[in-house]
Each structure stands twice: as C-alpha cells, then as structure tokens.
Amino acid sequence: MDGQRKALIVAVDEYEQDGLRRLLSASADAEALGRVLGDPEVGGFDVRVIRNEPAHVISSHIEDLFSDARRDDVLLLHFSCHGLKNESGELFFAATNTRPNRLGSTAVPAGFVQRCMRASRSRSVVLLLDCCYGGAFGQGVTVRAAGDVNVFDSFPGGRLGGGRGRAVITASSAMEYAFEGDYLADERERAPSVFTAALVEGLGSGEADRDEDGWVSLNELYDYVFDKVQARNPHQTPSRDVEMQGELFLARSRRRRVAPRPIPADLRAAVADANMFTRLGAVTELRSRLVGDNVPAATGAFEALREIAQTDIRYVAEAAADAVREVSVRAEPAELRFGPDAAAEVVRLLGPPLARSVRARASDEWITVAARADGFAVSTVAGDDVRFGTVTFIGPTGEVVVPVQVDALVPAPTPAAAPPPAPVRVPAPRTSAAAPARERLPWWLVAGLILAAAGLVILNWPGTDHTRIAWNDPDTSWIGFRRPWDPFIVGSFLVLAGALAGALVAGRRALGVVAGSGLFLAVDGVVILLGGVADVHWPTWSATAAVGAVVAAVTAVVARPVRQRPHRVDRPAGTLVLAGGVLVVAHVSVDLDGITWLMVSKGLGILAALVVVTLSWLVLSAGDPRTRTFLAGAAGTYVVLAALDNGESWSGGLPAAFVIGMIGYALVLVGLGVGLSRPVVPLLTFDERPRSPVWITVSLALGGFLLVAINGAALHDPKAQAFWIDAAHSLALDRATTDGSLYVAVVALAAALLTQARSTAAAYALGVVAGIATLFLTVGVVLLVSGLTYGSTTNTWALLTAVGAAMVAVTVFAVVRGGLRPRLGPAGPVAAVLVVIGTAPLVIAQFVPAAGESSATYYGSPFLVVLALVPAALAALAITSTDREFRRLAVGAALAYPLAVAVACVYPIVDETADVYYTVLLAGHLVLAAVVGFDAWRRSGQDRAAGDVDDDAGDPARSVRR
C-alpha cells in the first residue's frame, strides 16, 4: 500500500466550565498513544496531538484530517475527553470552552465527525473513543432524553459507499450521564485510563499480536484491549463496530514467530557423525550461524546446538552449551528504579540478533512497555506506596526478568486557602536521584506485624530458667523448658524487629526475616502439636503455630516473589546445603538411653531438615534479585533459629547431637553464602516439559506425609510396637530410628514434590515414589498375610499398605495420563545375567534357617517369594525398556526399591536379629541396584555417542538421528 498513515489524537483534560471535572489522564494518554503510533518501528503514523483546544479548533483539525486524505490512506482519530448528550440524546465531545447548556456551539458534534468520515476518500478509517461518560451536566440543565446513549447510533455503518471501510472502538458500550450539584456525581479520584493504557501496551509491547505474525491487526487489538479492560474492571465493556473489507494492520510487532530454518544436509550429517572431532567441527559451524544476522537460520542452529548440549558426550555437549549461552537473553540495566515523576527508561537487549528477538510482558497495569528501535521503553505510574513489579523479556532462547521499583508519591503541603471548586490532585515533586524514597512497608502491615509480635512474645514469654515448661512427653519423660534464649521468644522478638525495620529502612530483607521467624514458629508448633508432646500447653502452641503461619503467609504475599524458570544451582553451594541437610537429619537420630527426638516427635522432627533444605534450594535457584533477597532473609533466619533450638541438645545431655546439628546448620549457611556470591546462571533446558497436574503431586505428597506420620507414630513407643513379630518362634524386630522406614518415607515425600519439576528429574522422581510405595505395599501384604504382625503392629502395617497401594494407583494413573507406554526390547546379556545373580540370593534367603526353620518352610512358602520377585521385575523392566521417558521412571523405581531395602537391612544385622537372613537380602538388593544403575549409565552414554534416541526405536515416524 502506497498511502500515508495519519493519526489525530484529541485530548481535553481542562475545562473552563466548573461543572465539567478535570480529567487527570487525558494528556498522559495522548502523549503515550502518540509516541507509540508515531514510532516508525511500531505504528509508523504521522501523528498530530491536539491538547485542550476550543471546539472550533478541534473541528478544524478533524475536517483537515479527513478532507486531505487519499484513497489508500489509513486514518485514525482518537478522542480522550468528556462525552456529553443534549436534550435530544445527541452525542457531543467536550472541548475546553464547552458549556453543557450550549453544546451545539461549544462542543464537537458526533454528527459532524460522522459526516467528515463519510466524505473522506480514505477507505480505511478508525475511530477510537475513550471518553468519561459520567456526570456531564451542571445543575439547571433540563434532560428530556431518558436512558443511555448508544455510541454506535451516532456512527451508523453501511452508508460510506464505494467499498470503503470504517471501524469504531469505544471504551464502553453506552454513554451514561449523571449530575449532582455543580460537579460530577463521581467524586473519586480518577486513575489513568484503562482503555488507552491497554491500547498503548498492546501496540507498544506487541502483546496484541495474538497470532505472532509480526503485525497487530485491528481485530487483534480489540480482542487484546477487551481482555485487559475486563480484567481490570469487569463493569466496563469495550465495544466495536467494524465494517471493513479485509484486515487492517495498525502496527508492527516484535512477536513475529520465527520459523527455524533447517540446517544443511552436510552439516546435519556432521552432527550425527560417529567421529567426535567431526561433531566438534559441526558445533563450531553451528555457532557461527547462531550469532549471525539471519534469525531463522540462527534459530535452526540454536535448536541443533541445544539438542547436542543435552544428548552428546560431555566434551561435545559442553562446547554446544557454551555456544547456546552466548544467545541467552540479557538486559541492560538489570534493574529499574523510578522516582514518582520519572521519565521512561530504555531497556536494551544484549547479544546477537537471535538473543534480541524478544517480546516484553509487564507484571502490573501500572507498568507500560513500548518497543523501540534500540530496545524497550519502560514507563510507570507512581502510587501512594512504593510499588514493585517486573518486566519479563521472552525470546526463543529463554527469558530474563527485570525488577521494577517506583517510589511513592510525596504529597505537597495543602495551602490554607479555600479549596478550588474542582479538586485536582497536586502533582508530586520530582524525587532527587541522590536521595530516593526508601522502600518502606505499608503502615497496615507494620501495625499488624507489631500486634502479632506482641501476641507471640506474650505466648512464648520464658520466665526464669526451668520454671515454665514448653513441652512434655509423658511416655519418655523428656521435657523442654522455656529459657530466655530459646528460639521461640527470640523468633517472636525478630518479628517485632523486622516490622520496625521495615517501617524505617529497606523492607525486603526485613520481610525475609519476619517470614523466616513466622515459618519457624509455625513448623515447630505443628511438630510439637502433632508429635503429641504439647501436653497441657496445646492452646499456647496452637496459637503460636497459627500466628506464625499467618505472619509467614502475609509477608510472602506482600513480598510477591517472582515465579520464573529456576536457574542453575551452583554445584559447591548445593553440595554444602545437601550435606548440611543430611547432618541435620542425623542429629535428630542420636539417642539417649535408646530414645531419640525422632521417637519423641513421632518422626516429625525431620521436618526441620526438609524446610531448611527446601528454603535454601529456593534461594540458590532464584533468578530474580528481589526474590532472592527475600528468600535469603527467610532461609538465613530459619537456619539461625533452628541452630538456636539445637542448643537444647547440649543441655539435655546429647553433646554428639549438638555438634552434628551445629555442623549441619553451619554448612547450610556457608552454602547460602557461596551461592549468593556467585552469578546467577540460567538453565539450558529451554524446552520446558509440562508439569504434572497439581492434584497428582498433592496426592503423592499427601501419601508421603502419611508414610512419615504413620512410621513416626510407630517410633514413638518402639517397645509396644515391633517392626515385625514372630510369636511362634519368639522372634521380633523392634522399631527404631535406624530401621530406615522413616527415612525412606521422607525420601518419598521429597520425590513427590519433585514431580512438579519441568525437567527429566520429574520422571526419575515419579519412579522413586512408585518404587518406595511398591515397597511399603509389598512388605505390608507379605507381613499381614504371613502372620508376622500382632496388635498395634497389624494396624500400622494395614495403614502403610493402604497408603502404598493408593500411591501406586496414583502413579499408574499419572503414567497412563502422560501417554507413557512401556516398549520393551532385549536386555544386554551381561545385565540380564547380573539380574539373575542378584535375584538368586533373594529367593535363597527364604530358605535360610532361622530358629530351626526357614521362612519358607514355616510360613507356607511360596508367597514369601514375592519379596524376591518384585525387585527382580522392576530391574528387568528398567534394563529392557526402550522408551527413554518411561525408562527414566523405571530406573527411578528399580533403584529406590532395592536401596530402601538395603538401608532397612542394616539395622537387624547390627541388632543381630535374623542377621544371616538380612545379610543375604542386603547382598541381593545391592547387586540389583548396581546392575540397574550401571545399565542406565551405559545406555545413556551409548545414546549420546551414537546419536540414536532409543525411546523412538521401532517407530520410524519418531526416529531421530542427531
């Protein structure tokens, strides 16, 4: 099209007539829309903006716009002003000199605009109406027209003739009117226009380009604006009336979907070559295409390099990964901070053209993002409080999140003179860059936290040493006393200190401290309550847990941590955190006269280690700096309070537990420090897998928690409840913290949570859950059917069997729902022989004599062979599966089952209870685990070296050669 693109933007926000309220957003709307439409990289319009002019001037510009147009010109007219109607219900647009009782001579009639549109030679006319329709008339005006004014009645279609087209889009479907005295009936302060803000955002950011073809059409823009306005204000319904042949494109977009250009055949052959050095040469050539100016070719190279980085041998994969990192999305600056009246800031994308092919998404309505030739212009609107948000830049190679902060408006002093008839908000003075406003917490949050802290202090007041009991376990005679330095009173005061610090200085770290303190009090309260050691103090602990949970939840909501793709966890930092978590688990397993804290708390004492490791891992994997700061404060505070709680071990006569626990907490803190000091590195898994349905993860996690609770309750009184009991031969294996059941249940709970991961870890985690659930199901059935339970032991194993069966059923459903099918093929001869060798001891074990008779000869036999067949079947499934995704699940199950049994076998061997039987079981299960692990490692190495994707074997349509 050779025609011109012309836009006229009419904005009136100041009126001579007192009865017409001043519009606070019209000028800002006009400036923002004019900037976007006039940008040659976006709208490409020749824009003229008319601000606060009388009616005759506005009418003259409108007539010039339509009269001077040619056939192929695209014309756009935008009104941002009051919309009024006269006694007959005719529509008028208010100008600065408009008088409500003289609309014909002082306002712009809609009929005049319609006549200009009809007379124009242009075939493409767009009219955008963003008008304030409330309270247009002053007192004394007689209104005879009842009801609303339908906008489209003033701009009827079908009468332009000559094949021309026109479109009318309005901020709402009908123009309502109301009056109260001499002023508008609506006395509320008006925020910037939702309608025009959505127009600017949709055009500027390219988000309105729904089909990602590189162009924003009129229909796409309307759909985008409709959704945005409805989300912000459900009572406002934008409307349109379009009569136009063909599609009218209003703007360009950076959201153009880039179709990857396949790499040449010779390069594809080099990528799949058996020679490692040939593949390295292919990586070098792909890298040169990756950083070139041809974006489709670069996209094809990116996909090939990403596949190599995930599947080839380590040396080649690292070279490909280094090349992929060169086109990761990077933004400059990495963080934006605005004063209350600051101008727009430009965010530039760094790197080759492919890395800069991104689209922007703002987290909040008060953030506006517009594409420019040199990047993206980000502008904000200040409020009464400090505002926090983000702008996410998303491209084919990943995404980056830029935090945005806007300082609060500083109100100007109100003069003593009488207020003007039309109250207008006084603009805030520009904040100096040298002294930015502090990031303070809102007053209501500070007040609420102070009240909560006061309540916690009262609830946890220690009194003098050894005079006030905190908790008591009558079964074991373990007692905890309130002390001036115990973590409960310290945590209560930290909530108070955090609230005060948040009111005076930077609030994000203070929020983290408050959240960590509240979470600690909540978790410890739950452990003491559910562990049955609260005794008569249960009201105190119930209130403490409830207040702590509310404090942690509210601070987390206010902090608004950004959810984004997890980043790579620094390996040394992650190792330190995991090692510390293991030691924290170990320190609650140290016994005093055969009693451990795990027994006293019914196994729930292990929750501290889970929370510590989970919080620390979230800190290390967070990519958003503000989220990282908040989580670091929470994790650090929780670890310090948990370490302080560990002091009870020393005073309680458990110095070994004290030392082990302190070392564990120290390792976690060092890991956090190391991780926070390292740069954040995005993961290379750009093709994120869809997460498992939340209800599946929740169901499996609930099952894991029940396994922990049931085994923990059994540990609480190990003398009254055995692991298994053979009354006929006077044999029994007592419950103990070292019997492995509780630790295995904790692993199942952690693996259930990992099923939400968008990586291969989810498949392995689902397999681990399946393996452990199958173990509890199998052992429970065998013990119950074989008569190896009695009394409360029977009840415990009945519950564990039911939970295990439910978890297995949920796992099977998840596998079927995910479309995984076990495609089996021949196993390697060595692996097959070793599985047979590992299974043999498991069968033989049933014939090892114990108290004169073997388990098989005494109990009947054949049924106990199930203990041997289940792990053997899992191992066989893992080594014969040809579907790579299903094989991951099978490997997870085939490793979890025998390793869990191996852990459980150590305790009776040390206790010398049927030690020969358990020694044989230990050997057989370790052999099976070793075979599965080695076979999985070997086959995955073969996949990378040969370039064959074995999960597609036998299916030519899905076969891939790399």
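Starting afresh in each chain, residues are numbered from 1 along the sequence in its written order. Per-residue local features are limited, in this predicted model, to residues with pLDDT of at least 70; the limit for side-chain atom pairs, both in listing and counting, is 80 or more; totals at the level of whole chains, interfaces and linings are taken over all residues. Only hydrogens and water are removed before side-chain values are computed, so all heavy atoms of the structure are retained for them.

Notes on the packing of aromatic side chains
(1) Moving on: What counts as a ring pair is set by centres within 6.5 Å for rings of Phe, Tyr and Trp (its six-membered ring), and what kind of pair is set by the plane angle: stacked under 30 degrees, edge-to-face over 60, tilted for all other angles. Applying the stated rule across the entire model yields nine aromatic pairs.
(2) Moving on: Aromatic pair F376 and F393: ring centres 5.3 Å apart, planes at 55°, arrangement tilted. Of this pair, F376 sits in strand β18 (residues 375-380) while F393 sits in strand β19 (residues 387-395), placing them 17 residues apart in sequence. With respect to class, F376 is no different from F393; both count as buried.
(3) Moving on: Taken together, the ring pairs connect F488, F520, W541 and Y638 into an aromatic cluster.
(4) Moving on: Taking NZ or CZ as reference, R5 lies 4.3 Å from the ring centre of F45, over its face. What counts as a helix is a DSSP run of H or I of at least four residues, what counts as a strand is a run of E of at least two, and both are numbered from the N terminus. With a 1.4 Å probe rolled over the protein chains alone, any residue whose accessible area is under 20% of its type maximum counts as buried; one over 50% counts as exposed, and the rest are partly exposed. Each ring is checked for a lysine NZ or an arginine CZ that lies within 6 Å of its centre and within 35 degrees of its normal; such an atom marks a charge sitting over the ring.

Section: the sheet that holds strand β16 (residues 359-362)
(1) Moving on: A pair of strands is treated as paired once DSSP finds two or more bridges between them. With respect to topology, four strands assemble into an open sheet ordered β14-β20-β19-β16, the strand pairing being mixed. The open sheet has two edge strands with one neighbour each: β14 (336-338) and β16. The mean inter-strand angle of the sheet, taken between neighbouring strand axes irrespective of direction, is 20°.
(2) Moving on: The pairing of β19 with strand β20 (residues 398-406) spans nine bridges and is antiparallel. Residue pairing for β20: T390 is matched across the bridge by P403. Every axis corresponds to a line fitted to the C-alpha atoms, with the helix fit spanning only the stretch in contact, and the corresponding angles, defined between N-to-C directions, vary from 0 to 180 degrees.

Concerning the packing of helix α9 (residues 276-290) against helix α10 (residues 295-311)
Each pair of packed helices gets described by two things: the angle between the helix axes and the distance between those axes.
(1) Moving on: α10 packs onto α9 with a crossing angle of 140° between their chain directions and a minimal axis gap of 8 Å. Considered as vectors, α9 and α10 are oriented oblique to each other. Crossing of α9 against α10: the hand is left-handed. Packed against α9, whose contacting residues are V283, L286, R287, R289 and L290, the element α10 presents A297, A298, A301, F302, A304, L305 and I308 at the interface.
(2) Moving on: By residue class, the composition of the contact of α9 with α10 is 10 nonpolar, no polar and two charged. For classification purposes, angles smaller than 35 degrees are called roughly parallel, those larger than 145 roughly antiparallel, those between 65 and 115 roughly perpendicular, and all remaining angles oblique. Two helices crossing with the near one rotated counterclockwise from the far one by less than a right angle form a left-handed crossing, whereas a clockwise rotation gives a right-handed crossing. Any pair of residues with heavy atoms lying within 4.5 Å of one another is described as a contacting pair. When residues are sorted by character, Ala, Val, Leu, Ile, Met, Phe, Trp, Tyr, Cys and Pro go into the nonpolar class, Asp, Glu, Lys and Arg into the charged class, and all the rest, Gly among them, into the polar class.

Points about the confidence of the model for the protein chain
(1) Moving on: Predicted confidence across the protein chain gives a mean pLDDT of 77, with 80% of residues reaching 70 or more.
(2) Moving on: Note that pLDDT drops below 50 for residues 946-962; the model gives that stretch 37 contacts with residues more than four away or on any other chain. You can read pLDDT as the predictor saying how much it trusts each residue, on a scale of 0 to 100.

Topic: unusual backbone geometry
(1) Moving on: Omega for the bond connecting E332 with P333 falls within 30 degrees of zero, at 0°, which places this linkage in the cis form.
(2) Moving on: Looking at where P333 falls in the secondary structure, it is placed in the loop between β13 (330-332) and β14.
(3) Moving on: Despite not being glycine, N52 has its phi angle at roughly 50°, a positive value.
(4) Moving on: You can see N52 is positioned in the loop between β2 (46-51) and α2 (55-67).
(5) Moving on: The class for N52 is partly exposed, based on a relative accessible area of 24%.

A look at the pattern of salt bridges
(1) Moving on: The working definition used for a salt bridge is a side-chain nitrogen of Lys or Arg within 4 Å of a carboxyl oxygen of Asp or Glu. For the coordinates displayed, the defined rule picks out nine salt bridges.
(2) Moving on: Between D223 and R240 there is a salt bridge, with the nearest N and O atoms lying 3.9 Å from each other. One end of the pair, D223, is in helix α7 (residues 218-232); the other, R240, is in strand β11 (residues 239-243), and 17 residues separate them in sequence.
(3) Moving on: Here E326 makes a salt bridge to R287, at a shortest N to O gap of 2.6 Å. One end of the pair, E326, is in the loop between α11 (314-325) and β13; the other, R287, is in helix α9, with 39 residues separating them in the sequence.
(4) Moving on: Looking at E326, the relative accessible area reads 29%, which means it is partly exposed.
(5) Moving on: Overall, R287 belongs to the partly exposed group, its relative accessible area being 35%.

Examining α11
(1) Moving on: Here α11 spans 16 Å end to end across 12 residues, near enough to the 16 Å set by a 1.5 Å rise per residue.
(2) Moving on: Of the positions making up α11, those classed as buried are V316, A317, A320, A321, A323 and V324. Burial along α11 is one-sided: seen end-on, the buried residues are contained in an arc of 160°. Opposite the packed face of α11, turned more than 90 degrees from it, sit the exposed residues R314 and Y315.
(3) Moving on: Where α11 is buried, its residues meet α9 and α10. How far a helix is expected to stretch is found by multiplying one less than its residue total by 1.5 Å. Note that the arc is computed from the directions linking the helix axis to the C-beta atoms.

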